[in-house]
Amino acid sequence: MNINSGGIAQNTYDAIVIGSGISGGWAAKELCQKGLKTLVLERGRDVVHIKDYTTATKNPWEFEHRLMPTQEDLAEYPIQSSNFGDDSGIKQFFVNDKEHPYIQEKPFNWIRGYHVGGRSITWGRQCYRLSDLDFEANIKDGTAIDWPIRYKDIAPWYDYVESFIGISGQAEGLGHLPDGKMLPPMELNCIEKHLNDSIRSKYKDRLLTIQRVANLTRGWDGRGPCQYRNLCDRGCPFGGYFSSNSSTLPAAMATGNMTLRPYSIVTEIITDANTGKAKGVRIIDTETKETTDYFARIIFINASTIGTASILLQSKSNLHANGFGNSSGEVGHNLMDHHSNAGAYGQHEGYKDQYYKGRRPCGFYIPRFRNLPGEKAALNYKRGFGIQGHGERQEWFDKAQVLEGFGKDYKEQLTTPGAWTVWMAGWGECLPYHDNHIALDEKVKDKWGLPLVKIDFSFKENEEHMMKDIQDTSAEMLTNAGFKNLDVFKYHRPGGSTVHEMGTARMGKDPRTSVLNEFNQVHDAKNVYITDGSCMTSSACQNPSLTYMALTARACDHAVNEMKKGNL
Amino acid sequence: MNRRKAIKSLFVLGVGAFAGVESFKFLSLRKKPDLAELHRYKPLIAELAETIIPATDTPGAKDVKAEDCICALIQDCSDRTTQNKFIYGLEDLESYSHSEFGNSFIKCNNMQRNKILQHFEDAGKPYKGIMGKVQNKFFGKSFFTTLKIYTAIAYCTSMEGATKGLAYDYIPGGYGACIPIMPGQKSWATK
C-alpha cells in the first residue's frame with residue numbers, strides 16, 4: 001500500500017468532517033465559524049453553486065430525449081432511475097449503480113449522490129419538527145430504546161437552523177408538529193383549499209396546510225426568492241432553496257477555515273491504541289489512487305446513514321474489535337426508512353373556471369392525526385403518518401396516457417387543462433427493528449478494495465397495517481370532499497424508496513444498547529460525533545433532514561465547548 | 001421522493017416483463033430490432049404524427065419535426081418489445097393502407113388517413129380491466145398507443161409546441177394559486 005502521510009503536522013487539522021451533504025455541510029459551517037481549521041472530505045466530485053448546475057436553465061427541447069430516461073440510463077442506473085425517472089436533467093446528481101454496487105438481501109433502493117452537497121441538491125426540502133410525541137414514543141410503547149433527548153433539548157437548535165435556512169410555511173399551533181421560525185407560506189390552490197375546507201369541517205382532529213419547505217418566499221441571506229420554476233433538483237441558479245452548496249458550504253468557506261477535499265473516500269477511522277479515541281482518518285484519493293492519513297482532535301461523521309455505518313464497521317482495531325464505536329453491537333442495525341407507498345387519487349368536477357400560474361415547488365400536508373394523546377380509536381398499529389399531496393389540473397402528460405382519438409379534437413383536448421385532481425399518500429413511521437440492518441460482505445469488494453454493503457430490510461406488520469389505514473382514510477377524505485373516479489393505491493416500492501434511511505448508529509443513554517450519547521458523541525470514543533440520519537433512535541413520520549441539521553448544530557456547539565474545557 | 005417522482009417512476013418502470021403464452025409472438029418481439037428500418041419509415045412517421053396532431057391555428061406535429069423525436073424515443077428510450085411492436089405496426093399499417101386504398105398512407109387523402117388511424121386505434125385498444133393490464137405487461141403497449149404517446153411528448157416538449165401549442169412559462173417568478181381561466185386558455189407545458 002502506498003501511504004502518503006505528507007508529514008503529520010501538514011495533515012493535521014482541528015476538525016475533520018466526513019461528508020458534505022445536508023448534515024456535513026452544517027458541521028462544516030458551525031465548526032469553521034467557531035474558528036476551527038476544518039477538513040471536509042467528500043468522496044465524489046465538487047459541485048460549485050450555480051456554476052455546476054449544468055442543466056438548471058435548459059428548456060425541455062434542449063434535451064435530446066426530452067427528459068425521458070434512455071434504455072442505457074435504465075441499465076446503468078437501475079436503482080437510481082426510480083428517483084430521477086421523470087427528469088433525466090438531474091441524472092448527474094445520482095451515482096451510477098454499476099460503478100457503486102451493493103448487495104440487496106431483500107429489495108432495497110439505496111439512492112445516493114456522491115458529490116459535494118450530496119443529496120442536499122435533490123432533497124424534497126420538507127422541514128417538520130419532531131415533538132415529544134416522537135421522542136417519548138419508544139419508551140411509552142415499549143419499542144427498542146428510549147431517546148436520550150426531549151423536545152426542549154433540540155427546540156432552540158430548530159430555531160437556530162430554521163433562521164439560517166429560510167423555511168416557508170404556515171403556523172398551525174399543533175402540539176405534536178411544533179411551529180418554527182417560518183417565512184410567509186406559499187398558497188394552496190383552488191382544489192387544495194376546497195379539500196382543506198372539507199377536512200376542517202368534517203374532522204375535529206384533522207387539518208390541511210401548505211407544506212413547510214426550504215424554498216424562499218422572499219430574499220434570504222443573499223439568496224432567492226424562489227422563482228416558481230419547480231426545477232429545484234437540477235440545482236437552483238437563483239439560490240431559491242437550501243442546499244449545502246448554496247448555503248452552508250459557502251458560509252464555511254467564507255471563514256477561511258475550511259479545506260474542502262473532493263475525490264476522497266474514507267476507508268477507516270484511525271484509532272489511538274491506548275485511549276481508543278480517534279486520531280484521524282485514512283482516505284483513498286479516487287483520482288491519484290493514493291492513500292493519505294489526516295489527523296484532528298475531533299471528527300464528525302456525516303457520510304449518510306448507510307455510508308457512516310460502513311465506515312464504522314470497516315474500522316476495526318484492538319479497542320474496537322467489532323468496528324469503531326461498536327461495543328454495543330448495534331452499528332448497522334435498526335435501519336429505518338419511511339414508507340410512502342399508500343394513498344389515494346381522485347378527480348373533482350368543480351372549479352372548471354379556475355387555474356394557476358407558476359410551478360409551486362411543494363404541495364400540501366395533512367399532519368399526523370392517528371395515535372395522538374387522548375385519542376380513543378382502537379387502531380391495529382403503533383405511531384402514525386402525515387399525508388403529503390398535491391392538487392392540479394390534468395395537463396398534457398396525464399391526458400396523453402388515456403385520451404382517445406386523434407386529429408383536431410384530440411389536439412384541442414390534449415392542450416387544454418383537464419379536470420382537477422388530487423394525489424396524496426401517507427409518509428409513515430417505520431419502527432426500529434433490530435434485524436433490519438446493514439453489514440459488510442466478507443468476500444466481495446468494490447474497486448477500491450472496500451467490502452460491499454449488504455442491506456437486509458423489510459417493512460413489517462405494523463407498517464402494513466398503517467398503509468391500509470392510510471388508504472382508507474385518504475379515500476374517505478377525498479370522497480367526503482366530492483372527489484370521483486378514486487384510485488386507492490399501494491405501490492410496491494421497496495424500502496429506501498422514500499430516501500429517508502436512518503438509525504444505524506442510534507443515540508441512547510446506555511452504551512450497552514446504543515452507539516451515541518445524548519450529544520451524538522460515540523460512547524466508545526468521545527471525540528467522534530455522528531449527526532447524520534444514522535443517529536436516529538426512532539423515525540417519527542416527519543421528513544427528517546431538519547432534525548439532522550438541528551442535532552448537528554447542537555453537537556458542534558457541544559464539541560467546541562468540550563474542547564475549550566479541555567475534555568476533548 | 002416527491003409526488004411527481006412517485007407517479008412518473010411507475011410510468012417508467014411499467015414496461016417489459018416475462019411471457020408464458022403465445023411464445024412465438026413473444027420471441028419475435030424480443031429479437032434485435034431493425035432500427036435502420038425505423039429510420040426508413042421516418043417520412044411515414046411524420047405523416048402519422050401530423051394526422052394525430054395536425055397544424056391548426058397553432059403548429060402541428062410536422063412543424064416541430066415530431067418524427068425526429070419519435071425515432072429517438074423509439075431507438076433510445078424504448079425496450080425491445082416496444083421497438084419491435086412499433087416497427088411491425090408500421091409495416092401492418094402500410095399493408096392495410098395498400099389493401100384498403102391501394103396506396104401508401106403518405107399518398108392517402110385525409111378521409112382515408114382518418115379511416116386507417118381509426119382502424120388501428122380500435123385494434124390497439126387493450127382489453128378491458130385486468131386482462132388489459134396482463135396484456136400490457138406481457139406484450140407492451142400497442143403500436144398505436146406508443147405512437148400517440150410519443151407524438152404527444154414530441155410535440156408538447158418541442159419549442160414550437162410548448163410555446164405556441166401550449167402555454168410555456170420559462171421563469172414564472174411568482175405563484176398565482178387561483179386565477180380565472182382565460183378564453184382559449186392552453187394548459188401549461190411543464191409542471
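A brief look at the structure comes next. (Residues numbered from 1 in each chain as written. Chains lettered and ligands numbered in written order. Predicted model: local features only at pLDDT ≥ 70, side-chain atom pairs only at ≥ 80, totals over all residues. Heavy atoms only, no water.)

1. With respect to the packing of aromatic side chains
For the structure on display, the rule yields 30 aromatic pairs over all chains. Between F135(A) and W147(A), the aromatic rings sit 5.0 Å apart at their centres with planes inclined by 90°, giving edge-to-face as the arrangement. Taken together, the positions of F135(A) in helix α4 (residues 132-135) and W147(A) in the loop between α5 (137-141) and α6 (151-165) put the pair 12 residues apart, joining distant regions of the chain. Take F135(A) and W147(A): they sit in the same class, and that class is buried. Between Y96(B) and F120(B), the aromatic rings sit 5.7 Å apart at their centres with planes inclined by 85°, giving edge-to-face as the arrangement. Highlighted residues: Y96(B) in helix α6 (residues 80-101) and F120(B) in helix α7 (residues 110-124), separated in sequence by 24 residues. The class of F120(B) is buried, set by a relative accessible area of 11%. (Phe/Tyr/Trp six-rings, centres within 6.5 Å; stacked < 30°, edge-to-face > 60°. Helix = DSSP H or I, 4+ residues; strand = E, 2+ residues; numbered from the N terminus. Buried < 20%, exposed > 50% of the residue type's maximum accessible area, 1.4 Å probe, protein only.)

2. Some remarks on the sheet that holds strand β4 (residues 103-104) of chain A
What links the strands of a sheet is backbone hydrogen bonding, and the strands pair in either a parallel or an antiparallel sense. All names here are of chain A. Read from one edge of the open sheet, 3 strands run β4-β16-β15, paired in mixed fashion. Across the chains shown, the open sheet's two edge strands, defined by having one partner strand only, are β4 and β15 (437-445). Against the sheet, helix α9 (residues 305-314) contacts β15 and β16 (451-456), and its axis sits at roughly 60° relative to β15. (Pairing = 2+ DSSP bridges. Contact = heavy atoms within 4.5 Å. Axes fitted to C-alpha atoms, helices over the stretch in contact; angles between N-to-C directions.)

3. Things to note about the interface of chain A and chain B
With 66 residues of chain A in contact, the opposing surface of chain B contributes 67 residues. Of all residues in chain A, the largest losses of buried area upon contact with chain B belong to W396(A), F406(A) and K411(A), amounting jointly to 13% of the total for that side. Between the two partners, chain A and chain B, sit 3 salt bridges. K191(B) is the salt-bridge partner of E392(A), the closest N and O atoms lying 2.8 Å from each other. When contributions to the side of chain A that touches chain B are tallied by element, the ones reaching two or more residues are α2 (71-76), α3 (81-84), α7 (190-202), β11 (354-357), β13 (385-393), α10 (396-400), α11 (408-414) and β14 (420-428) of chain A. Class assignment for the residues of the side of chain A that touches chain B results in 24 nonpolar, 22 polar and 20 charged. Two strands pair when backbone bridges link them, and β11(A) and strand β1 (residues 176-180) of chain B are joined in this way by 3 bridges, in the antiparallel orientation. By the bridge assignment, K357(A) is partnered in β1(B) with G176(B). (Buried area = accessible area lost by both parts, 1.4 Å probe. Salt bridge = Lys/Arg side-chain N within 4 Å of Asp/Glu carboxyl O. Nonpolar A, V, L, I, M, F, W, Y, C, P; charged D, E, K, R; others polar.)

4. Observations concerning helix α8 (residues 244-254) of chain A
All names here are of chain A. Counting buried positions along α8 gives 8 out of 11 residues, so the element sits mostly inside the fold. Turning to α8, its buried residues are S244, N245, S246, S247, T248, L249, A251 and A252. Where α8 is buried, its residues meet α1 (22-33), α6 and β6 (258-261). The first or second residue beyond α8 is G256, which carries a positive phi of 80°.

5. Re the sheet that holds β14(A)
All names here are of chain A. Across the sheet, 6 strands lie side by side as β5-β12-β13-β14-β10-β17; this open sheet has antiparallel pairing. Both outer strands of the open sheet, β5 (209-210) and β17 (484-490), are each paired with one neighbouring strand and no more. For strand β12 (residues 364-366) and β13, the ladder comprises 3 bridges, and the chain directions are antiparallel. Each residue of the ladder has a partner; that of F364, found in β13, is G389. Across the face of the sheet, α7 comes into contact with β10 (342-348), β12, β13 and β14 while running at roughly 60° to β14. Of the strands in this sheet, β10, β12, β13, β14 and β17 are in contact with helix α12 (residues 461-480), which crosses β10 at around 15°.

6. Observations concerning the pattern of salt bridges
Residues and elements named next belong to chain A. Within the structure shown, the criterion is met by 46 salt bridges over all chains. Note that R129 and E162 form a salt bridge whose closest N and O atoms lie 2.7 Å from each other. Taken together, the residues span a long stretch of sequence, with R129 in the loop between β4 and α4 and E162 in helix α6 at a distance of 33 residues. Overall, the relative accessible area of 4% leaves R129 in the buried class. Each of E136, K140, D146, R150 and K509 takes part in salt bridges that share partners, so that together they form one network.

7. Here's the deal with the pairing of β15(A)
Residue and element names in this part refer to chain A. As defined by bridge partners, β15 adjoins β16 across 5 bridges and the pair is classed as antiparallel. Directly across from A439, in β16, lies its bridge partner K454. In textbook terms, the turn of a hairpin is the stretch between consecutive antiparallel strands, and for β15 and β16 this stretch comprises 5 residues, one of which, G449, has a positive phi near 80°.

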